[in-house]
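# Per-entry structural report
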Amino acid sequence: MLSRFNPRWDRMPTRWDEAPFLGNGEQGTQVYQTGSSTLHFGVGCSAAHDHHPPAKDDLNEKHVEVLNRGRHFIGHLELHTSAPLTAGTSELDLWNAEATGTIRSASGGQLKWRCLVHADQPVIMIETLGSGDLKDSVFDYLPAKAQSPRAVRSKQPREPANPATVLASNPDGVQTAIQNLASGGQTAVAWKVVRSDQNARTAQVIYLSVQHSFPETTAAASAAHAIANASIAPVDRWVGRHRGWWHHYYPLSFLSTGDPYWDAFYWIQQYKLASATRDHGWIIDNQGPWLQPTAWNATWWNLNAQISHAGPYQANRRGQASALSHRLSTNRDNLALNVDPKFRSDSYGLGRSSSGWDLVAHSGQPGGRPPIDPRIGHETGNLLWALHNVDLEVRYWHDESLRDEVLYPLLVRAVNYYRHFLVEENDGRLHLPATHSPEYRTVADCTYDLDLLHWGLNRLIELAEEKRQMDAHFEEPLLPKWKEVQRKLTPVHTDETGRMIGRKTALTGGHRHWSHLLAVYPLRTLTPETSADRDLIETSLKHWRSFGRSFAGYSSTSAACMAAMLGNGNDALDYLNGLKTYLRPNTMYSEAGNPVMETPLHGATAMQEMVMQSWGETLRIFPAVPDIWTDVQFARFRGEGGFLVSARRSGGKNQWVEVFAENQSVVNIDCGFDIHRYSADAGASVQIQPDGKATLHLPANHRVQFFASTMTQSAPAIDAIPSRGQPHFFGLGRLKPTR
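In this report, the structure presented in the accompanying data block is examined. (Residues numbered from 1 in each chain as written. Predicted model: local features only at pLDDT ≥ 70, side-chain atom pairs only at ≥ 80, totals over all residues. Heavy atoms only, no water.)

## A word on the pattern of salt bridges
Should the charged atoms of two oppositely charged side chains come close, the side chains can pair. Worth spelling out the cut-off: The salt bridge criterion pairs a side-chain nitrogen of Lys or Arg with a carboxyl oxygen of Asp or Glu, the two atoms within 4 Å. Buried residues are those whose accessible area, probed at 1.4 Å on protein chains only, stays under 20% of the maximum for their type, while exposed residues exceed 50% and partly exposed ones sit between those limits.
Inspection of every chain in the model, using the stated rule, returns 40 salt bridges. Between Arg403 and Asp404 there is a salt bridge, with its nearest N and O atoms 2.8 Å apart. Looking at Arg403, the relative accessible area reads 9%, which means it is buried. Asp404 sits in the partly exposed class, given a relative accessible area of 29%. One continuous salt-bridge network, built from bridges that share partners, spans Asp391, Arg395, Arg403, Asp404, Arg459, Glu462, Glu466, Lys467 and Glu640.

## What about helix 4 (residues 235–249)?
Counted only if it meets this: By the criteria applied, helices consist of DSSP H or I runs no shorter than four residues and strands consist of E runs no shorter than two, each listed in order from the N terminus. Multiplying 1.5 Å by the helix residue count minus one yields the expected span of that helix. What the arc covers is the set of directions going from the helix axis to the C-beta atoms.
For helix 4, with 15 residues, the first-to-last C-alpha span of 22 Å sits near the 21 Å given by 1.5 Å per residue. Within helix 4, the full set of buried residues consists of Trp238, Val239, His242, Trp246 and Tyr249. One face of helix 4 carries all of its buried residues, which in axial projection span an arc of 95°. Projecting away from the buried face of helix 4 at angles above 90 degrees are the exposed residues Asp236, Arg237 and His248.

## Looking at the sheet that holds strand 13 (residues 175–180)
The cut-off we apply is this: Any two strands with at least two DSSP bridges between them are considered paired. Contact between two residues is taken to exist if any of their heavy atoms lie within 4.5 Å; hydrogens are not considered. Lines fitted to C-alpha atoms define the axes, with helix axes restricted to the stretch in contact, and inter-axis angles between N-to-C directions lie between 0 and 180 degrees.
Overall, mixed pairing links the 10 strands, which are arranged 12-13-14-15-10-9-8-7-1-37 in an open sheet. Sheet topology places strand 12 (166–169) and strand 37 (731–732) at the edges, where each strand pairs with a single neighbour. Of the strand pairs in this sheet, strand 1 (residues 8–9) and strand 37 are connected by 2 bridges, and their pairing is parallel. Across the sheet, the residue bridging to Trp9 is Leu732, located in strand 37. Strand contacts of helix 3 (residues 219–232): strand 13, strand 14 (186–198) and strand 15 (201–213), with the helix running at about 145° to strand 15, the strand carrying the most contacts.

## Points about the packing of helix 7 (residues 322–330) against helix 10 (residues 382–397)
To be explicit about the condition: An angle below 35 degrees is treated as roughly parallel, one above 145 as roughly antiparallel, one from 65 to 115 as roughly perpendicular, and anything else as oblique. Crossing chirality is assigned from the near helix's rotation relative to the far helix, an anticlockwise turn below a right angle marking it left-handed and a clockwise turn marking it right-handed. By the convention adopted, Pro, Cys, Tyr, Trp, Phe, Met, Ile, Leu, Val and Ala count as nonpolar, Lys, Arg, Asp and Glu as charged, and the other residues, Gly among them, as polar.
Running from N to C, helix 7 and helix 10 cross one another at 125°; their axes reach a closest spacing of 9 Å. By the angle between their axes, helix 7 is oblique relative to helix 10. The two elements helix 7 and helix 10 meet at a crossing, and its hand is left-handed. Of the residues in helix 10, those in contact with Ser322, Leu324, Ser325 and Leu328 of helix 7 are Leu383, Ala386, Leu387, Asn389, Val390 and Glu393. Residues that form the contact of helix 7 with helix 10 fall into these classes: 6 nonpolar, 3 polar and 1 charged.

## With respect to helix 17 (residues 598–611)
Compared with the 20 Å implied by 1.5 Å per residue over 14 residues, the 21 Å span of helix 17 between its first and last C-alpha is a close match. Extensive coverage of helix 17 is indicated by the burial of 14 of its 14 residues.

## Some details on the nonpolar core
Here is the rule: By nonpolar core is meant a set of buried Ala, Val, Leu, Ile, Met, Phe, Trp, Tyr and Cys residues that side-chain atoms within 4.5 Å join together.
Counting 195 residues, the largest nonpolar core has Leu328, Trp514, Ile621, Phe634, Ile669 and Phe706 as its most contacted members. Ranked by the residues each element gives to this core, the list is headed by helix 5 (residues 260–276), at 11 residues. Filtering out sequence-adjacent residues up to four positions away, Phe634 remains in contact with Phe254, Leu255, Val611, Met612, Ile621, Phe622, Val645, Ser646 and Ala647. Among the nonpolar cores identified, the runner-up in size contains 14 residues, and Leu116, Met125, Ile227 and Val239 belong to it.

## Considering the environment of Gln33
For the record, the criterion: For this analysis, a polar contact is any N or O atom pair within 3.5 Å, provided that within protein one partner can donate a hydrogen and the other can accept it, and provided that sequence-adjacent residues contribute only side-chain to side-chain pairs.
Relative to the elements of secondary structure, Gln33 occurs in strand 3 (residues 27–35). Once the C-alpha coordinates of Gln33 and Asp574 are considered, the two residues, 541 residues apart in sequence, prove to be 36 Å apart. Contacts of Gln33, omitting those with residues within four sequence positions, involve Met12, Pro13, Thr14, Thr38, Leu39 and Leu85. Within the structure, Gln33 has its side chain in polar contact with the backbone oxygen of Gly35 (distance 2.9 Å).

## Notes on the packing of helix 7 against helix 11 (residues 400–419)
The interhelical angle for the contact between helix 7 and helix 11, taken along N-to-C directions, is 65°, at an axis separation of 10 Å. The interaxial crossing formed by helix 7 with helix 11 has left-handed handedness. Where helix 7 approaches helix 11, its residues Ser325, Leu328 and Ser329 are matched on the opposing element by Leu402, Val406 and Leu410. Residues of the contact of helix 7 with helix 11, tallied by class, amount to 4 nonpolar, 2 polar and no charged.

Listed below in structure tokens is the structure:
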């Protein structure tokens, strides 16, 4: 099925945002033409960061964390062809995670190539087969200076500078390019070319590994070892193992809407997701494994990392969700170092940007934290938003260990940070000094922070009470204080335009971030279950979107999620369609010339929100399907509590729903139809409510199926929806002739 969504190129791309891209969660490459006789193969590694010590950070420098410990340039591989190129085609095979192509010369020479980044080994493989005047093409590795792209762009070189790359050749044919970093650690590239002449043709295979180590200087040895192993393995078996990983990954969930554009887009994002991160691996930073010249060569925490990882929970892809919780957990000591020294004994924080390696991000605080940049120095709520992602992982996989060992202790300290700054005023309410509403304004009682703090307090109280139910001896000494703060904390400010940015500050102009609407999405602490709350959400959303300027791609995706929560499928699709103008030919995305990962990934999340939602202990099936999507199928989508859900919609009507419980649990379900009949495993309990919804009491590994009277299938089946209209191919079509 996936082959119909493969991106295709009828001409060679010439930029990163047009090119086929491949990755395994750490290593990555892109393939495009940079000269008449040159193909560029990027060499990326999400692990490769600089490591200037945080103790030497000059807080007067904006984004000093990025300058000192962000990703650094490595180098790239070039294929120099033995004749100028006149044509080229290529295709990205999603199912097998391989790119293939053919380039041609004017005199009929031809070179076929294939590239993959091995799914579970740190090796990039490129095969070529050249004939005619392209027979003698050669590979060449070009190292770059190990510099921060932000430092290069802003002309703020780091001292001491990293030494020059050291090139070496080993007796076994493995070549290396070693970047020994001035502050410790090493990034290394190792490669080996195997060449064979076949009469009129020349075949080449190059194996390349890029690795990083810190504080050790073992990357070169590790990369060379990976190349030695890959180059002696039988190619078919080696490639088969790679393909097997991907063939297991894709069926974890399924979505088909029949929309040729959005279905292709969705599956490319599922491919991109697994190319960018792996289980307990690297957080998807602004670049993924495909570092480009940019000012944002690090992880951003006031939106980017959180929404990059928003989709895997419902898509049942935990291996693409777990990096965020894992890195927050392993770097919790640095979360304490991020706050002012006087708060470190009981608080955690997370500033705007950090290295993915250590999560050192000097946190803002209410009232500001000079000499940090005034906006960044007031930005306080980012860690709480990141912990909401961790909470989703806890809820969707019903993971008590993650709840008790990571979420709870980190949330305690993140909430405690705010307690140092709350001020009780004459109204008897606790108020916040000025904090920064991301990408808008610094204001007292900032809605961004209040939404997150209200959520954090409520969740801590829930968790503490759950612990007490499971352990009669459990006592949380902070529980009375949390309840007091929850009771006295000022509500969010509103006016006739809806939710305000903060005290005495309404939204009065274009605002691409939805920082004042987090309670609606993703926190869902403000939901449309009462008419008053629905009116507030609708008014706020309409006002936010009314300015018609200063929007970004993620403005469209987040608005789509909010419209979906309201049950407005047509509006959700209209908002989602707004993303199209921002997408590049390969579905990549950039802002102000800076590549960023999160927005296309979040577009796929918005599609998931339109077809299933899980919140308020209720599964909602096809809650916001646009009229044009008459037939929709999803399978094995995950809901809170560890439920796997599949459903079918045909002819504009929901047909059947299946719910499978991984754990013993209770859930409500709104099937979107009057339940005509149902089938339940022995031991499962189903209670049909007067409003047509059902309450399920399911033991572990039990399932229930619900059927509408209009069901058209003889039995539930998982099928792709036929495409409505012509297929849509991302990539590049042929250039139209000019007159």
